[in-house]
Amino acid sequence: MVCEKLEFDEREDCILRTGRLVLRRPRAGDAARIAELANDRTIAENTVVIPHPYTLGDAEKFVAHVTEAKAETFLAFADIEGVCTMVGCGGFTAQEGDVPTIGYWVGAPYRGRGFATEIARALVDHAFEDMGAERLGVSCRVTNTASRRVIEKCGFQWAGCGLSSSLGFKGSFPVDKFRLERGIWQSLIAWGHGRRARWPVNAVSANAEAEGTR
Ligand SMILES: CC(C)(COP(=O)(O)OP(=O)(O)OC[C@H]1O[C@@H](n2cnc3c(N)ncnc32)[C@H](O)[C@@H]1OP(=O)(O)O)[C@@H](O)C(=O)NCCC(=O)NCCS
């Protein structure tokens, strides 16, 4: 996988790896690429704090903010025709009481390939394995069928309706809210529903560990 060769900044404490993606913290040098992909009305109108149009200045402020806040925010990189390419973004966007919530987007050219599902599952695993979360939340606009599907594929369960404000939508829209409890996530992993069953890299390394080989 070409992205395995990415050089990571030694200050970065956390890198998430999935079968096809490497997720790392945003850096100043990523701003132009973030702006290129995020300057997309579809992203703005389905998320909370992404304006449209989305400028290089917006991307620079975003990177500065998440760096300063040490936010659990990641850029996702995939091998696209032999080039390690940023394809999307995901992270923990807000806290509802004691419940961290996840959010994500994928650049328009890279949709429909399962990348959002892979980003969301990486965030879910990170929350339960590394962050000690007991439950997770996610919301999506009621019209956002693709995101709803991603949420379902991660094992979230519907938990009600609400309204969410959106900078890009310039107002509020109705959302469906979902929850995932640690116990359900553990069961899904045990049943082979999640990353370990579907993502070859982890399956290979798990087998290698079981056999005492690398
Ligand atoms: C929503 C979004 C993240 C999905 O990204 P993606 O990489 O295309 O998602 P995936 O490929 O992992 O999965 C999409 C699923 O939705 C399904 N889907 C897509 N459009 C659909 C539609 N109009 N109707 C029904 N299902 C649809 C796909 O078939 C797929 O399901 P499947 O694997 O069962 O076939 C992407 O469209 C996006 O960034 N949108 C703008 C920002 C956004 O909405 N973010 C989420 C905020 S909650």
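Above: the structure in question.
In this text the structure is predicted, and so the values were computed from the model without any measurement.

S.K.: So what about the overall build of the protein chain? Which residues, and what values?
M.R.: Regarding its fold elements, the protein chain presents eight helices and eight strands. By the burial criterion, 34% of the 214 residues in the protein chain qualify as buried. Look at the contacts in the protein chain between residues 6 or more apart in sequence, and 56% of them connect residues 24 or more apart.

S.K.: Give a detailed account of the nonpolar core, specifying residues and quantitative values.
M.R.: With 48 residues, the main nonpolar core has L21, A76, F77, I119 and A120 as its most contacted residues. The greatest single-element share of this core, amounting to eight residues, is contributed by helix α4 (residues 115–129). If sequence neighbours within four positions are ignored, A76 has contacts with L21, L23, V87, G88, C89, G90, F115 and I119.

S.K.: An account of the pairing of strand β7 (residues 157–166) is needed here, citing residue identities and associated values.
M.R.: In terms of burial, β7 is a largely surface element, zero of the 10 residues being buried. In this structure, β7 lies alongside strand β8 (residues 171–181), joined through nine bridges in antiparallel fashion. Opposite W158, over in β8, you have F178 as the bridge partner. What sits between β7 and β8 in their antiparallel hairpin is a turn of four residues, with K170 showing a positive phi close to 60 degrees.

Reading the values: the criteria
- Residues numbered from 1 in each chain as written.
- Predicted model: local features only at pLDDT ≥ 70, side-chain atom pairs only at ≥ 80, totals over all residues.
- Helix = DSSP H or I, 4+ residues; strand = E, 2+ residues; numbered from the N terminus.
- Buried ≥ 20, exposed ≤ 12 C-beta atoms within 10 Å, placed from the backbone.
- Contact = placed C-beta atoms within 7 Å.
- Core = buried A, V, L, I, M, F, W, Y, C linked by C-beta atoms within 7 Å.
- Pairing = 2+ DSSP bridges.

Fair warning: the whole summary comes from geometry, so function is off the table for now.
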